[in-house]
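Working through the structure, step by step
One-letter residues, chain by chain:
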Amino acid sequence: MVLKTFGWSFAVTAAGLALAGVLWGWQGLAIVGILSILEISLSFDNAVINAGILRKMNAFWQKIFLTIGILIAVFGMRLVFPVVIVAITAKLGPIEAVDLAINDKAQYEHLVTAAHPAIAAFGGMFLLMIFLDFIFEERDHKWLAWLEKPLAKLGKLETLSIIIALVVLLVTAMTVATDVAHGGGDKSATVLLSGVAGLLTYLLVGGISGYFEDKLEDADEDADAEASAPAKKNGNGSAVGLAGKAAFFMFLYLEVIDASFSFDGVIGAFAITNDIFEMALGLGIGAMYIRSLTVFLVRKGTLDDYVYLEHGAHYAIGALAVILLITIKYEINEVITGGIGVLLIALSFWSSVRKNRLEAKSGAGSPPKSEVSSGV
């Protein structure tokens, strides 16, 4: 199971490190290895979130996520995206931007770093919306019941998450008006515009995928009612997942989430190297493991067995969103960013294990309602 799921990741790691050693020597090999670890530590919560979405999709789209999706993640976000940012912010042609990245690495790094306020505002708002929509939704299992119960009641106001996100964006734009750490000058208009773009992207992609998902579920319910037959199962033993338009837009949603998660990794990578090829190779290896881990979580049914994992991952997303917005003005070490995410997921995993043990001791197949909401 492990080898089948992580086989490609192991192969890419061996090939990538060997290539780094040949091209850049021992130093390049070490840099690529460090970048891989950085990407995994920063994006572990991404795998949990992706798994929660991917398990709704059928086997075909899960394969698309691992093939075409990884090409987009590695070459699109880790290699092409920084070059595109430089081309747009510096008003250069694509060829000029690539030439700058190869031949003037210091200037290339400066331009990417100067674009950080716009990148952080876009990604921060997109991730913040994911977090807000999660905590305002009523759920059977509540990890931090003292917090999640009242928030679920407030969530009955459908536009509350949008209102809070816009307030956070306005406060961010006002507080970073001057003395911005990345690039200097007044960036409030840039932050505001980019943040709105991130919010609109979330509403558009998430809304379309949700619309098609609801339509597909309604169609399946009608078909099941007419046939009175048991639900079909896929190879993983779960109900057949989303297909067609619903799966396509869900796939797009996954890619945008991955892009938002990759922002801090790409920016943080400049603290280690400004060579775009070393960066793409190291972060790409890390992205492969995140993809494989996502599929592993789906196939093992881990999210069903450890019910608080998704909670921990979404709290990590909320923390990352806030961190991204703070980094518009202040420097925050990547170790802190990754450490917070790993800590929250570890705590949620421990809470899940503790809950399962309590249920096993009581001999109950399903806990009482009060116990479901106990959390930690």
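Every value quoted in this text rests on a predicted model; they were computed, and no experiment measured them.

Comments concerning the packing of helix α6 (residues 116-135) against helix α8 (residues 160-175)
- The geometry of α6 relative to α8 is characterised by a closest axis approach of 10 Å and an angle of 145° between their N-to-C directions. Once α6 is placed against α8, the crossing between them reads as right-handed. Where α6 abuts α8, its residues M125, L128, M129, L132 and D133 lie against S161, I162, I164, A165, L166, V168 and L169.
- For the contact of α6 with α8, the class distribution of residues is 10 nonpolar, 1 polar and 1 charged.

Some remarks on the packing of aromatic side chains
- What the rule picks out here adds up to 10 aromatic pairs.
- An aromatic cluster is present here, built from F6, F10, Y289 and F296 joined pairwise through their rings.

A word on empty space enclosed by the protein
- Under the counting rule described, the total for this entry stands at 2 cavities of 30 Å³ or more.
- The wall of the second largest cavity is formed by F134, I135, E137, R139, H141, K142, E148, A152 and H311.
- When grouped by side-chain class, the residues that make up the lining of the second largest cavity number 3 nonpolar, 2 polar and 4 charged.

With respect to the side chain of S352
- Within the element layout of this structure, S352 appears in helix α14 (residues 334-362).
- Taking the relative accessible area as the measure of exposure, S352 reaches 0% and is therefore buried.
- Side-chain polar atoms of S352 contact the backbone nitrogen of Y308, separated by 3.0 Å.
- Once residues lying within four places of it in the same chain are set aside, the contact partners of S352 are Y306, V307, Y308 and L309.

Side note on α6
- With 20 residues, α6 should cover 28 Å at 1.5 Å per step; its first-to-last C-alpha distance of 28 Å lies within 8% of that length.
- Within α6, 17 of the 20 residues are buried, leaving the element largely enclosed by the surrounding structure.

Here's the deal with the pattern of salt bridges
- The tally for this structure, following the rule as stated, stands at 4 salt bridges.
- A salt bridge links E359 to K355, with the shortest nitrogen-to-oxygen separation between them at 2.3 Å. Taken together, the residues span about one helical turn, with E359 and K355 both in helix α14 at a distance of 4 residues. By the burial criterion, E359 is buried, and K355 matches it.

Things to note about the confidence of the model for the protein chain
- In this model, the protein chain carries an average pLDDT of 77, and 80% of its residues clear a pLDDT of 70 or more.
- Of all secondary-structure elements in the protein chain, the lowest mean pLDDT belongs to helix α15 (residues 369-372), at 42, while α8 reaches the highest, 91.
- With pLDDT under 50 throughout, residues 226-240 is counted as low confidence; its partners more than four residues away or in other chains account for 12 contacts.
- pLDDT under 50 marks residues 365-374. Its contacts with residues more than four places away, or in other chains, come to 19 contacts.

About the criteria used
- Residues numbered from 1 in each chain as written.
- Predicted model: local features only at pLDDT ≥ 70, side-chain atom pairs only at ≥ 80, totals over all residues.
- Heavy atoms only, no water.
- Axes fitted to C-alpha atoms, helices over the stretch in contact; angles between N-to-C directions.
- Helix = DSSP H or I, 4+ residues; strand = E, 2+ residues; numbered from the N terminus.
- Left-handed = near helix turned anticlockwise from the far one by under 90°.
- Contact = heavy atoms within 4.5 Å.
- Nonpolar A, V, L, I, M, F, W, Y, C, P; charged D, E, K, R; others polar.
- Phe/Tyr/Trp six-rings, centres within 6.5 Å; stacked < 30°, edge-to-face > 60°.
- 1 Å grid on protein atoms, 1.4 Å probe; cavity = no way out; pocket = protein on both sides within 12 Å on 5 of 7 lines; lining within 4 Å.
- Points joined across faces, edges and corners; volume = space filled by probe spheres on them.
- Buried < 20%, exposed > 50% of the residue type's maximum accessible area, 1.4 Å probe, protein only.
- Polar contact = N/O pair within 3.5 Å; in protein donor to acceptor, adjacent residues only side chain to side chain.
- Expected span 1.5 Å × (residues − 1).
- Salt bridge = Lys/Arg side-chain N within 4 Å of Asp/Glu carboxyl O.
- pLDDT = per-residue confidence, 0-100.

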